[in-house]
Amino acid sequence: MKIAYLIVRVLLGALFLFSSIVVLFNLVPQPETTGDLKVFNDGIKASGYLMTLIKVTELVVAIAFLTGRFVPLASIVIAPVAINILLVHLTIAPEGIPVGIFVVVANAFLAYVNWNVYKPLFVPVNK
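Per-chain numbering applies: the sequence of each chain, read as written, is numbered from 1 onward. At least 70 in pLDDT is required for a residue's local features to be given in this predicted model, at least 80 for side-chain atom pairs to be given and counted, and no such filter applies to totals for whole chains, interfaces and linings, which use all residues. As a rule here, side-chain values cover all heavy atoms of the structure and leave hydrogens and water aside.

- If you check an unreviewed UniProt entry, the chain appears there as DoxX family membrane protein from Leptospira kanakyensis.
- UniProt positions are given in the numbering used here, feature names are shortened, and annotations may be inferred rather than shown by experiment. The record held by UniProt for the chain lists under Subcellular location (unreviewed entry) the comment "Membrane".

Brief notes about a nonpolar patch on the surface
Okay, step 1: Within the patch definition used here, like charges are joined within 9 Å and nonpolar side chains (Val, Leu, Ile, Met, Phe, Trp, Tyr) within 5 Å, considering only residues with over 30% relative accessible area and no salt bridge. The Shrake-Rupley method, run with a 1.4 Å probe sphere, supplies the accessible areas, and residue values consider only the shown protein chains as cover. By definition, a salt bridge exists where a carboxyl oxygen of Asp or Glu is found within 4 Å of a side-chain nitrogen of Lys or Arg. Judged by side-chain polarity, Ile3, Ile7, Leu11, Leu15, Val99 and Phe102 come together as a nonpolar surface patch covering roughly 530 Å² of accessible area.
Okay, step 2: Segments assigned H or I by DSSP are reported as helices when at least four residues long, segments assigned E as strands when at least two residues long, and all are numbered from the N terminus. Those elements giving two or more residues to the nonpolar patch turn out to be α1 (2–24) and α5 (97–113).
Okay, step 3: Examining the composition of the nonpolar patch, we find that four residues originate from one element, α1, more than from any other.
Okay, step 4: With respect to the helices and strands, the residue Val99 is situated in helix α5.
Okay, step 5: Each residue is placed in one exposure class: buried if its accessible area under a 1.4 Å probe, protein chains only, is under 20% of its type's maximum, exposed if it is over 50%, and partly exposed if it falls in between. Judged by relative accessible area, Val99 falls into the partly exposed class, the value being 44%.

As for the UniProt feature "transmembrane region" (unreviewed entry) in the chain
Okay, step 1: When the UniProt feature table is mapped onto this chain, "transmembrane region" (unreviewed entry) is found at residues 7–28, 48–66, 73–93 and 99–118.
Okay, step 2: When the span residues 48–66 is considered, its composition is 89% helix and 0% strand, and the gap between its end C-alpha atoms is 29 Å.

Topic: the packing of α1 against α5
Okay, step 1: Axis definition: a line fit to C-alpha positions, over the contact stretch in the case of helices; interaxial angles, taken between N-to-C directions, run 0 to 180 degrees. Relative to each other, α1 and α5 sit at 135 degrees, their axes nearing to 10 Å. Taken as axis vectors, α1 and α5 run oblique relative to one another. Remark: the crossing between α1 and α5 carries left-handed chirality. Only Val99, Phe102, Val103, Ala106, Asn107, Phe109, Leu110 and Val113 of α5 make contact with α1, whose side of the interface consists of Ala4, Tyr5, Val8, Arg9, Leu11, Leu12, Leu15 and Phe16.
Okay, step 2: Partitioning the contact of α1 with α5 into residue classes produces 14 nonpolar, one polar and one charged. Our angle categories are set so that under 35 degrees counts as roughly parallel, over 145 as roughly antiparallel, 65 to 115 as roughly perpendicular, and the remainder as oblique. In this scheme the crossing of two helices becomes right-handed for a clockwise turn of the near helix relative to the far one and left-handed for an anticlockwise turn of less than a right angle. Should any heavy atoms of two residues lie within 4.5 Å, those residues are counted as being in contact. Each residue is assigned to one class: nonpolar for Ala, Val, Leu, Ile, Met, Phe, Trp, Tyr, Cys and Pro, charged for Asp, Glu, Lys and Arg, and polar for all the others, Gly among them.

Here's the deal with the layout of surface pockets
Okay, step 1: The computed volume of the largest pocket comes to approximately 1100 Å³.
Okay, step 2: A 1.4 Å probe that fits into a set of points on a 1 Å grid over the protein atoms alone but cannot get out defines a cavity; an open set with protein on both sides within 12 Å along at least five of seven lines defines a pocket, and lining residues are those with an atom within 4 Å of a point. What lines the largest pocket is a set of 32 residues, and nearest its centre among them are Val23, Gln30, Asn41, Met51 and Lys55.
Okay, step 3: Breaking the lining of the largest pocket down by element, the ones donating at least two residues are α1, α2 (35–46), α3 (50–67), α4 (71–91) and α5.
Okay, step 4: A per-element tally of the lining of the largest pocket places α2 first, with seven residues.
Okay, step 5: Residue composition of the lining of the largest pocket, grouped by class: 18 nonpolar, seven polar and seven charged. Grid points are joined across faces, edges and corners, and a volume is the space filled by probe spheres set on the points.

Set out below in structure tokens:
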């Protein structure tokens, strides 16, 4: 289980690292999008801050995953982004479904392995 955890953590970290660096530093020209995906991307870019926020979050999470520090916290922080990646590919851009599935399943696996860290969050508190 330790080896699988390490492999999944590093692969997911590398994916987020490369996807964030490419966009943040404009290293590769972005492919032209069409249809609903173009509208979605244009909306995110029109906000002026959302794409940068997402990519900086991905970068910080990638560093956490690759270094192995704060992995449970990073897994929680990136969960909404991972779910959104999957839903965008399920509804707007089906060609990316395998990547979306990998991101969600890999993050769920990291959460599963770290379940002992999350257990106290699910204990009812009576005050």
